Amino acid sequence: MTERLKMFDEDYRYLGEDTRENIHKKGLWHETFHCWLMDETDVYIQKRSAKKKDFPGLFDITAAGHLLATENVTDGIREVEEELGIKVDPAKLVKAGVILDVIRLSGFIDKEFANVFLYKSTFSPTDFSLQDEEVEGIYTVGISEIKALFRNESKVVTCKNLRDGTLSEITLNDFVPHETGYFHKVAEMLEHQTNL
């Protein structure tokens, strides 16, 4: 089935809908859902599956995805449940804001109105059941460390694999190449919501 998405102008005014493929080919604005899981000390990040067509093996938002033409913004919660296998309570989603984010590749322009949500994790490592074709692993990074990385105040952070506890050092180059402004705004959102 061909995915259809809503199209918008740069002021977030609805223009109609088109296929996801055409929207990316033409570089049209569309909506996405971004959910950052966090607890008192850490932010959860995913490592994308090596099988993914776009950005395989890179680190990214805890869970995210495109919103279909038939969906409203909070319907994106399905991405968290599909990718991570956890049941989240929509009432506990905290809307942090909308960030304009553009990723340009050859033949592909992803112009997103990223609807960013934060969610306080009370999950244990065994609660996660990852969708193999989407997600290779879930990792935790200290809130202050990831804020410093996203603000270019540090170059390297240590993350911990939730499944087996192994530690890895990663840099911003290990993340999906969101715009610098996206990372800065997420750092700011984390700053203001550390008391979820």
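To be clear, the structure that these remarks concern was listed above.
Residues numbered from 1 in each chain as written. Predicted model: local features only at pLDDT ≥ 70, side-chain atom pairs only at ≥ 80, totals over all residues. Heavy atoms only, no water.

1. Considerations on helix α2 (residues 77-84)
The buried fraction of α2 is high, at six of eight residues. Along α2, the positions that sit buried rather than exposed are I77, R78, E79, V80, E83 and L84. Looking at the packing, one finds that the buried side of α2 touches β3 (29-38), β4 (42-48), β6 (63-66) and β9 (135-142). One or two residues past the end of α2 sits G85, with phi positive at roughly 70°. (Buried < 20%, exposed > 50% of the residue type's maximum accessible area, 1.4 Å probe, protein only. Helix = DSSP H or I, 4+ residues; strand = E, 2+ residues; numbered from the N terminus. Contact = heavy atoms within 4.5 Å.)

2. Details of the nonpolar core
W36, V43, I45, I146, F150, F175 and Y182 are the most contacted members of the largest nonpolar core, which totals 27 residues. For this core, the secondary-structure elements that each account for two or more residues are β3, β4, β8 (108-120), β9, α3 (143-150), β10 (157-161) and α4 (180-192). The greatest single-element share of this core, amounting to six residues, is contributed by α4. Contact partners of W36, with chain neighbours within four places excluded, come to V43, Y44, I45, I61, T62, V116, F117, L118, Y119, F150, Y182 and V186. Residues Y44, L93, F117 and I138 belong to the second largest nonpolar core, which totals 21 residues. (Core = buried A, V, L, I, M, F, W, Y, C linked by side-chain atoms within 4.5 Å.)

3. Structural notes on the environment of D42
By secondary structure assignment, the location of D42 is in strand β4. In this structure the C-alpha to C-alpha distance between D42 and E145, which are 103 residues apart in sequence, comes to 9.0 Å. Apart from the residues within four sequence positions on either side, D42 is in contact with L37, T140, V141, G142 and I143. In this structure the side chain of D42 is engaged in a polar contact, spanning 3.2 Å, whose partner is the side chain of T41. (Polar contact = N/O pair within 3.5 Å; in protein donor to acceptor, adjacent residues only side chain to side chain.)

4. A closer look at the packing of α3 against α4
At a minimum axis separation of 8 Å, α3 and α4 run at an interaxial angle of 150°. With respect to each other, α3 and α4 are oriented roughly antiparallel. The two elements α3 and α4 meet at a crossing, and its hand is left-handed. Note on element contacts: α4 touches α3 through F183, H184, V186, A187, L190 and E191, opposite I146, K147 and F150. Class assignment for the residues of the contact of α3 with α4 results in six nonpolar, one polar and two charged. (Axes fitted to C-alpha atoms, helices over the stretch in contact; angles between N-to-C directions. Parallel < 35°, antiparallel > 145°, perpendicular 65-115°, else oblique. Left-handed = near helix turned anticlockwise from the far one by under 90°. Nonpolar A, V, L, I, M, F, W, Y, C, P; charged D, E, K, R; others polar.)

5. A closer look at the pairing of strand β1 (residues 4-8)
In this structure, β1 lies alongside strand β2 (residues 14-19), joined through five bridges in antiparallel fashion. By the bridge assignment for β2, L5 is matched with D18. The turn linking β1 back onto β2 is made up of five residues, and Y12 within it adopts a positive phi angle of 70°. (Pairing = 2+ DSSP bridges.)

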